[in-house]
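So you can see what is in the structure, the chains are spelled out below.
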Amino acid sequence: MGGHDDFDAFFRADFAPLVAFLCKAGFEVETARDAAAEAMVHALEAWPTVDDPRAWVRRVAGRLLDGVGDARADWTLAGDPRDDDELTGLVDQHAGLIELLASLPGRQRMVLAWSLDGFSPAQIAEALRIAPATVRSTLRHVRERLRRLRVARPGDQRDRER
């Protein structure tokens, strides 16, 4: 890639979206912020060799968090990101989505988080080291599951009001 100026611009543009991505993938805000920061440090060190920085930092952050079993959120937004208005806005903007994603198993949630961040099935497959057909199948299952949840919710709402 380019020099440190390019990295600085990338960092400013992608840090908050990276944290939001990790929240969508199921991690608490503070844990996501720490992993994002560490992934960015690794990106700076590897910057001259990084071809696709957005995918690279998401892949690295995901690996950093793979071993952290209890860091997954209970889908409440833990931590207090007041010091970062952009991050707070992004997490708040995605709060409903994050809650909806809570119903998905881990792999489905991760594949969907990548997809929502604009990555193609081929890019997701490469990043997660799974077959592209598996990514497409997973996305199909996610869409069906979310469709069923959407259909079930209105009935649940009426039942509660009675």
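Just so it is clear, the structure is predicted and the values come from calculations on it, not from any experiment.

So, about the environment of Gln123. Structurally, the position occupied by Gln123 is in helix α7 (residues 121-128). Taking the relative accessible area as the measure of exposure, Gln123 reaches 35% and is therefore partly exposed. Along the backbone, Gln123 and Ala55 are 68 residues apart, and their C-alpha atoms lie at a distance of 8.0 Å.

Here we take up the nonpolar core. Core analysis: the biggest nonpolar cluster contains 43 residues, and Leu18, Leu22, Val57 and Trp114 have the highest contact counts within it. Looking at this core, the elements with two or more residues in it are α1 (4-24), α2 (29-46), α3 (53-66), α5 (95-101), α6 (106-116), α7 and α8 (132-161).

Another aspect to go through is α2. If you check α2, its first and last C-alpha atoms are 25 Å apart, about what 18 residues at 1.5 Å a residue would give, namely 26 Å. Those residues of α2 that sit buried are Val29, Thr31, Ala32, Arg33, Ala35, Ala36, Ala39, Met40, Ala43 and Ala46.

Moving on to the packing of aromatic side chains. Two aromatic rings, taken as a pair, are described by how far apart their centres are and by the angle between their planes. Enumeration according to the criterion identifies 7 aromatic pairs in this entry. When the ring of Phe7 is compared with that of Phe11, the centres are 6.2 Å apart and the planes differ by 40°; the resulting orientation is tilted. One end of the pair, Phe7, and the other, Phe11, are both in helix α1, 4 residues apart, so they sit about a helical turn from each other. In this structure an aromatic cluster arises from ring pairing among Phe7, Phe10, Phe11, Phe15 and Trp47.

To continue, consider α7. Every buried residue belonging to α7 is among Ile124, Ala125 and Ala127, and all of these are buried. Take α7 and look down its axis: the buried residues cluster within an arc of 165°, on one side only. Positive backbone phi, at 55°, marks Arg129, one or two positions downstream of α7.

Below, the discussion takes up the packing of α2 against α3. Close contact between α2 and α3 brings their axes to 8 Å; oriented N to C, the two are set at 125°. Relative to α3, the element α2 lies oblique. The handedness of the crossing between α2 and α3 is right-handed. On the side of α2, the interface is formed by Thr31, Ala35, Glu38, Ala39, Met40, His42, Ala43 and Ala46, while α3 contributes Trp56, Val57, Val60, Ala61, Leu64 and Leu65. When its residues are assigned to classes, the contact of α2 with α3 shows 11 nonpolar, 2 polar and 1 charged.

Reading the values: rules and limits
Residues numbered from 1 in each chain as written. Predicted model: local features only at pLDDT ≥ 70, side-chain atom pairs only at ≥ 80, totals over all residues. Heavy atoms only, no water. Helix = DSSP H or I, 4+ residues; strand = E, 2+ residues; numbered from the N terminus. Buried < 20%, exposed > 50% of the residue type's maximum accessible area, 1.4 Å probe, protein only. Core = buried A, V, L, I, M, F, W, Y, C linked by side-chain atoms within 4.5 Å. Expected span 1.5 Å × (residues − 1). Phe/Tyr/Trp six-rings, centres within 6.5 Å; stacked < 30°, edge-to-face > 60°. Arc of directions from axis to C-beta. Axes fitted to C-alpha atoms, helices over the stretch in contact; angles between N-to-C directions. Parallel < 35°, antiparallel > 145°, perpendicular 65-115°, else oblique. Left-handed = near helix turned anticlockwise from the far one by under 90°. Contact = heavy atoms within 4.5 Å. Nonpolar A, V, L, I, M, F, W, Y, C, P; charged D, E, K, R; others polar.

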